[in-house]
Structures are given as C-alpha cells and as structure tokens.
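For reference, the chains in residue letters:
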Amino acid sequence: MNGRGAFRIPLFDLDYDDREVEAVSEVVKSKWVSTGPKVKEFERKFADFIGVKHAIAVSSGSAALHIAYLAAGIGPGDEVIVPSNTFIATVSMILHVGARPILADIQSLSRPNISVSTVKGLVTEKTKAVVFLHYAGYTDNALEIRKFCDENDILMIEDAAHAHGSDADGLKAGSIGHIAAFSFYANKSLAVGEGGMVTTSDNDMAEKARLLRSHGMTSLSWDRFSSVGPPANYDIKFPGFNYRMSELHAALGLVQLKKLPRNNQRRRELVGVYRELLKRRLEGAVDAPFEPSETTSHYIMPIVLGEDIDRNAVAIEMAKYGVQTSVHYRPVHRFTYFRDVFGEQELPLTEAFGRRELTLPLYPSMKNSDVEFVVDALARSIELLESQ
Ligand SMILES: Cc1ncc(COP(=O)(O)O)c(C=O)c1O
C-alpha cells in the first residue's frame, strides 16, 4: 500500500522523491545517525527561514510545545489561555507542566481562531501566557494578540504546527510570539515523519529549551565526538528529556525546507480553485473560513457546512467517491477528561465549528482537476442527503 491508502484522493500526500531518498542514504552511509551536523544545519536554515535567532530541533511537535512552555517558565499556579479549537497536544502539554489551561472560544465560524476580544475576558492575575494557533495557517489576529500580550505583561506562545512559512505583515509565523513550536509530523507542510522545532529570539528561553531537549546536559554526543577533549565532559543544569531529533529526520527536513516555498505557492493556487468552485457550486450551503490570503501556508482546506447538513453523512458519502475528509477539530473542552476535571464549559462557536467543519484534501501534487472532483463529490453528496 502507498501513502494514499484506499482513497482516490487522500486528505494528504507527501511530496517525497529521490532527493529525500538520497539525503537519508547519505546519512546512513555516514554512520552518524543521532543528533549531529545535519540537525545543526537544519536548525540554522530553519531559524533563517523563520527570521529568529534560535531554532532547536526536537523529536515531535508535542515535545516542542512541552519544552517551549517550560522554557517560557510556565508551571504550577499559572493559567494559560488556549483555544479549544486545536489539537489536543496544545492543551495537554500545559497540563504536563502543571499549569491550568483556560480554554477560549473562537472569534466566529468564519474566523475560527482566538482574538483579543475572546481572550480579554479570560485574563486573571494568574495568566502567564496566551497560546495562539494559526488555524489552517492563517496568521489572522496574531499581531493583535502579541500587542495585547505586551500591553498586559503576558507571554505569547505560538503553536505554529499549521503555519510553516505563513506570514503576517512581513513577520513569519514562529517569530511573532516570544517562543513557538512547529510540528513536522507526517502530514505537515514540512514533513519528516516525526519531528518538531522550537523557535525564539530570546537567548535565555533558547538556552533552556536546548538543555531540556537532551537531559539538561551541557554538551551532546556529537560535540564530544567532534572535538578532542576530556571524556564525557558535561554538566547537568536541571533534569530534562530525550527529545532529540535524529540525523535521518534532519536530512529529510533540509530537503523539505527547500521545497516549502514552492509547495506553499501550489497550495495557495489550489485553495484559490477550491474557493472559486465552492462559490460557484455551493454558495449558501458551504463557507470557506477566512479571507483569501497570499501569505498563508494553507496546511489544510477547512470548510463549514450549512447548519442543517449532516457533516458525518457527507463524509461517508464522499468516501464512496474515494475522497478522504477529516475534522479539525473536535473541541478539547468536550473530551471526557476536560468535562470530568474542569466541568461543563460552554464555548458555543467552537462547538458549532466542531460540528460543522469538514476538511477537504489538500497537498501540493493535487491537480486542479482533483479539486474539481472533490467539489463535485461534495455537491453530489449534499444533494443526495437533501433529497432523502
Ligand atoms: C495544532 C497542532 N499542535 C500540535 C501538534 C503535535 O505535533 P506532533 O504530532 O508532531 O507531536 C499537532 C500535530 O499533530 C498539531 O496539529
């Protein structure tokens, strides 16, 4: 089976070719496979691309969030404002550092991210940070959130897992907050299988994140291997983790980083085709959130179905055409753990979005005719359900 699974048009398909194969085989032949020169090169190039002083490569986006929160000094007694419309890791890592997540509603169904107005009412004297997710890659609201955080002496942390290469008025996602976390999971715009990156221009946070990544040790095996000095000459500043990235993943990351601008451009073109066809075929029944944007990474293609359309039934019908769909996201506050521990919470817009959102396929090798096929399958599925 290939990466497309059973679907004619999967949700996502990797842009991998001989360049990735060669990059990985070069590392295998070098016989240095744990963190080493490729990781350092990937960190330097990623930091330059984002426009930050420091990038620290780690083993996953969740690991990046975990050490970003710790490096920002978040801990017991702190409250962190975070969208409920996100992947669970954004929130669970707040719990893992001992702080309390304060789940925020989205601004509207057509702007499904947090805004200053949704955050304002949640600030208390315990608020240490606001986590901003660039939902689907849109940086909409990000600069306003940073300004609000600065005015209120609160840290802004970006979950930039959707936003590789997104830009807000010349600032790249990952350089807007005090510190940011990227994921390079297998379906991300920059994909290495499992991996992540912390980005920041704050020297102290960077140093702490770097130490936390590898047991709090002041040097890595590669540093000791590549310089002649006393054996095992390192110190432990505080307890850390093994969140290191391997050379194999960094080699993939370097090739993927090179491909990213062109792939983001292709995603933009495809989203333009989607928007036009959805308007032509399904205006009134389906809405595409946010305004069209030339500076968005377009990690996913979310749509919001009309109130009376059964989203799950549409997804089942579309699968019959061979089109894979998904949902971003099931609201965090509705999961059992959060209901049990924090009680019932009402975030009506997030709930409506979680009920009506459907994610359509999007990946750089998609053809315009694939987008036409998906929109046709969507229109036919909705028509069929309405006729029943
Ligand atoms: C918004 C968001 N945050 C965090 C993560 C966690 O990243 P990872 O799967 O690399 O741990 C993901 C990805 O899966 C994500 O989409």
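Residues numbered from 1 in each chain as written. Predicted model: local features only at pLDDT ≥ 70, side-chain atom pairs only at ≥ 80, totals over all residues.

A.B. asks: Explain the overall build of the protein residue by residue, including any values.
C.D. replies: For the protein, the helix and strand inventory stands at 13 helices and twelve strands. Whereas a compact globule of 388 residues would reach a radius of gyration of roughly 21 Å, the protein reaches 21 Å, a difference of no more than 12%. In terms of principal-axis extent, the alpha carbons of the protein reach across some 75 × 55 × 40 Å. Residues counted as buried form 48% of the 388 residues belonging to the protein. When contacts within the protein are restricted to residue pairs at least 6 apart in sequence, long-range pairs at least 24 apart make up 72% of them. (Helix = DSSP H or I, 4+ residues; strand = E, 2+ residues; numbered from the N terminus. Rg over C-alpha atoms; globule rule 2.2 N^0.38 Å. Buried ≥ 20, exposed ≤ 12 C-beta atoms within 10 Å, placed from the backbone. Contact = placed C-beta atoms within 7 Å.)

A.B. asks: Got a sec to walk through helix 7 (residues 203-213)? Specific residues and values, please.
C.D. replies: The buried fraction of helix 7 is high, at eight of eleven residues. Burial in helix 7 covers these residues: Met205, Ala206, Lys208, Ala209, Arg210, Leu211, Leu212 and Arg213. Those residues of helix 7 hidden inside the fold are in contact with strand 1 (54-58), helix 3 (61-71), strand 8 (179-183) and strand 9 (196-200). After helix 7 finishes, the residue His215 shows a positive phi value of roughly 60°.

A.B. asks: So what's going on with the sheet that holds strand 1? Which residues, and what values?
C.D. replies: Taking strand neighbours across the sheet as the criterion, the seven strands line up as 1-9-8-5-4-2-3 in an open arrangement whose pairing is mixed. The open sheet has two edge strands with one neighbour each: strand 1 and strand 3 (100-104). Along the sheet, successive strands turn relative to each other by an average axial angle of 20°, direction set aside. The pairing of strand 4 (residues 127-133) with strand 5 (residues 155-159) spans five bridges and is classified as parallel. (Pairing = 2+ DSSP bridges. Axes fitted to C-alpha atoms, helices over the stretch in contact; angles between N-to-C directions.)

A.B. asks: If you had to explain the sheet that holds strand 12 (residues 357-360) to someone new, which residues and values would you point to?
C.D. replies: Strand order in the open sheet formed by three strands is 10-11-12, with antiparallel pairing between adjacent strands. At either end of the open sheet lies a strand with only one pairing partner, and these are strand 10 (286-287) and strand 12.

A.B. asks: Describe helix 2 (residues 37-50), listing the residues and the values that go with them.
C.D. replies: Between the first and last C-alpha of helix 2 there are 20 Å, a value that for 14 residues agrees with the 20 Å anticipated at 1.5 Å per step. For helix 2, every residue scored as buried is listed here: Lys38, Val39, Phe42, Glu43, Phe46, Ala47, Phe49 and Ile50. Angularly, the buried residues of helix 2 cover 165° about the axis, an arc narrow enough to put them on a single face. Seen from the open side of helix 2, the exposed residues pointing more than 90 degrees away from its buried face are Arg44 and Asp48. Contact partners of the buried residues in helix 2: helix 1 (18-30), strand 1, strand 7 (171-172), strand 9 and helix 9 (247-282). (Expected span 1.5 Å × (residues − 1). Arc of directions from axis to C-beta.)

A.B. asks: Tell me about the site of the ligand, and please be specific about residues and values.
C.D. replies: Near the ligand there are 14 residues, and of these Ser60, Gly61, Ser62, Ala161 and Ser183 occur at the shortest range. Listed by contribution, the elements that provide at least two residues to the shell around the ligand are helix 3 and helix 4 (88-96). Residue composition of the shell around the ligand, by class: five nonpolar, eight polar and one charged. (Near = placed C-beta within 6 Å. Nonpolar A, V, L, I, M, F, W, Y, C, P; charged D, E, K, R; others polar.)

A.B. asks: Tell me what's going on with the environment of Val116, and back it up with residues and numbers.
C.D. replies: Tracing the chain through its elements places Val116 in helix 5 (residues 116-120). Val116 gets classed as partly exposed once you count the C-beta atoms within 10 Å, which come to 15. Measuring from C-alpha to C-alpha, the distance between Val116 and Tyr16 comes to 39 Å, with 100 residues separating the pair along the chain. Non-local contacts of Val116, meaning those with residues more than four positions away in its chain, are made with Glu144, Ile145 and Phe148.

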